[in-house]
Amino acid sequence: MKIKLSLLALSALLTLSLQAENLIFNADLTKLKSDKVATAWSCVGKLNITFSSKNGSKEGIGYAEFAPGANKAQGSIRQSLRNKVEIGKKYRLSADFKGENFKADDYGFLLINTNWKGNVGVRRFQLREDGKWRTMSKVVTVPANWTSVTAVVFAVNMQGKLYVSNIKCEPVTE
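Residues numbered from 1 in each chain as written. Predicted model: local features only at pLDDT ≥ 70, side-chain atom pairs only at ≥ 80, totals over all residues. Heavy atoms only, no water.

## Observations concerning the side chain of Asp106
Examined against the element boundaries, Asp106 turns out to sit in strand 8 (residues 106-112). If we ignore the near neighbours within four places in the chain, the residues touching Asp106 are Arg123, Arg124, Phe154, Ala155 and Val156. (Helix = DSSP H or I, 4+ residues; strand = E, 2+ residues; numbered from the N terminus. Contact = heavy atoms within 4.5 Å.)

## Describing the pairing of strand 9 (residues 119-123)
In this structure, strand 8 lies alongside strand 9, joined through 5 bridges in antiparallel fashion. Looking at strand 9, one finds that Leu110 is bridged to Gly121. (Pairing = 2+ DSSP bridges.)

## As for the environment of Lys132
Mapped onto the elements, Lys132 comes out in the loop between strand 9 and strand 10 (134-141). Sequence separation between Lys132 and Asp96 is 36 residues; the distance between their C-alpha atoms is 9.6 Å. With sequence-adjacent residues up to four places away left out, Lys132 is seen in contact with Phe97 and Lys98.

## Quick notes on the sheet that holds strand 8
Taken together, the 5 strands give an open sheet; going across it, the order is 3-6-11-8-9, and neighbouring strands pair in antiparallel fashion. Whereas interior strands pair on both sides, the edge strands pair on one side only; in this sheet they are strand 3 (42-45) and strand 9. Each strand axis lies, on average, 25 degrees off the axis of its neighbour in the sheet, ignoring direction. (Axes fitted to C-alpha atoms, helices over the stretch in contact; angles between N-to-C directions.)

## Structural notes on the environment of Lys168
As for its position among the elements, Lys168 is in strand 12 (residues 159-171). Measuring from C-alpha to C-alpha, the distance between Lys168 and Asp96 comes to 9.4 Å, with 72 residues separating the pair along the chain.

## Some details on the packing of aromatic side chains
All told, the structure shown has 5 aromatic pairs when counted by the stated rule. Summarising the aromatic geometry, the rings of Phe102 and Tyr107 are spaced 4.9 Å apart at their centres and angled 90 degrees between planes, so their arrangement reads as edge-to-face. Take Phe102 and Tyr107: they sit in the same class, and that class is buried. An angle of 80 degrees between the planes, with centres 5.3 Å apart, marks the rings of Tyr107 and Phe125 as edge-to-face. Of this pair, Tyr107 sits in strand 8 while Phe125 sits in the loop between strand 9 and strand 10, placing them 18 residues apart in sequence. Taking relative accessible area as the criterion, Tyr107 reaches 9% and is therefore assigned buried. Here a set of aromatic residues connected by ring pairs shows up, and it is made of Phe97, Phe102, Tyr107 and Phe125. We note Lys31 situated over the ring of Phe25; from NZ or CZ to the ring centre the distance is 5.7 Å. Here the guanidinium or amino end of Lys98 rests over the ring plane of Tyr163, the centre of that ring lying 5.3 Å away. (Phe/Tyr/Trp six-rings, centres within 6.5 Å; stacked < 30°, edge-to-face > 60°. Buried < 20%, exposed > 50% of the residue type's maximum accessible area, 1.4 Å probe, protein only. Lys NZ or Arg CZ within 6 Å of the ring centre and 35° of its normal.)

## Description of the nonpolar core
Among the nonpolar cores identified, the biggest contains 39 residues, and Phe66, Ile77, Phe97, Leu111 and Ile167 are the most heavily contacted of them. Those elements giving two or more residues to this core turn out to be strand 4 (48-52), strand 5 (63-67), strand 7 (90-103), strand 8, strand 9, strand 10, strand 11 (150-156) and strand 12. Among the elements that line this core, the one with the most residues is strand 7, at 5 residues. Core analysis: the second largest hydrophobic core is formed by 5 residues, Ile112, Val152, Phe154 and Val156 among them. (Core = buried A, V, L, I, M, F, W, Y, C linked by side-chain atoms within 4.5 Å.)

## Re the pattern of salt bridges
Considering all chains together, one arrives at 4 salt bridges under this definition. Here Glu65 and Lys161 are joined by a salt bridge, their closest N and O atoms 3.5 Å apart. One end of the pair, Glu65, is in strand 5; the other, Lys161, is in strand 12, with 96 residues separating them in the sequence. Owing to a relative accessible area of 16%, Glu65 belongs among the buried residues under this scheme. Arg124 is the partner of Asp106 in a salt bridge, and the nearest nitrogen-oxygen pair spans 2.9 Å. Linking Asp106 in strand 8 with Arg124 in the loop between strand 9 and strand 10, this pair joins segments that are 18 residues apart in sequence. (Salt bridge = Lys/Arg side-chain N within 4 Å of Asp/Glu carboxyl O.)

Here it is, written out as structure tokens:
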């Protein structure tokens, strides 16, 4: 009996250790300063970006809604990952997305270097138009020459609406 309990406890510890830590703060977008700002995120550009802490993704968590501003402008939500990621290390980026009559020249979820001088991530993927969320995921390596890292969800010259939720950047252990 003691051996079975010990094995069960060891199994539980291994399961917990295999779950990666999400480096994105307020990844579910439920902590809001206002409907225009989610805690720890900044809005950049001329898109209309609003946040809701209710009835969002398939888990019922919050989301960000991107809608066109003036002249199908570009915009993004961003969060610094300074002192959270390491140069040369691998990370899994993932987020839940859905579209509503959505079209854009470019869009996605990236890690970027200072002043967008480099980027890695997922972009221009097929979105669902049936009201259901789609999880996009990619393992990326932070390039050796980067000086800072920022997580960015963005859209350029968009029409319709883009929704994002459950944003994650997790270390990959090999």
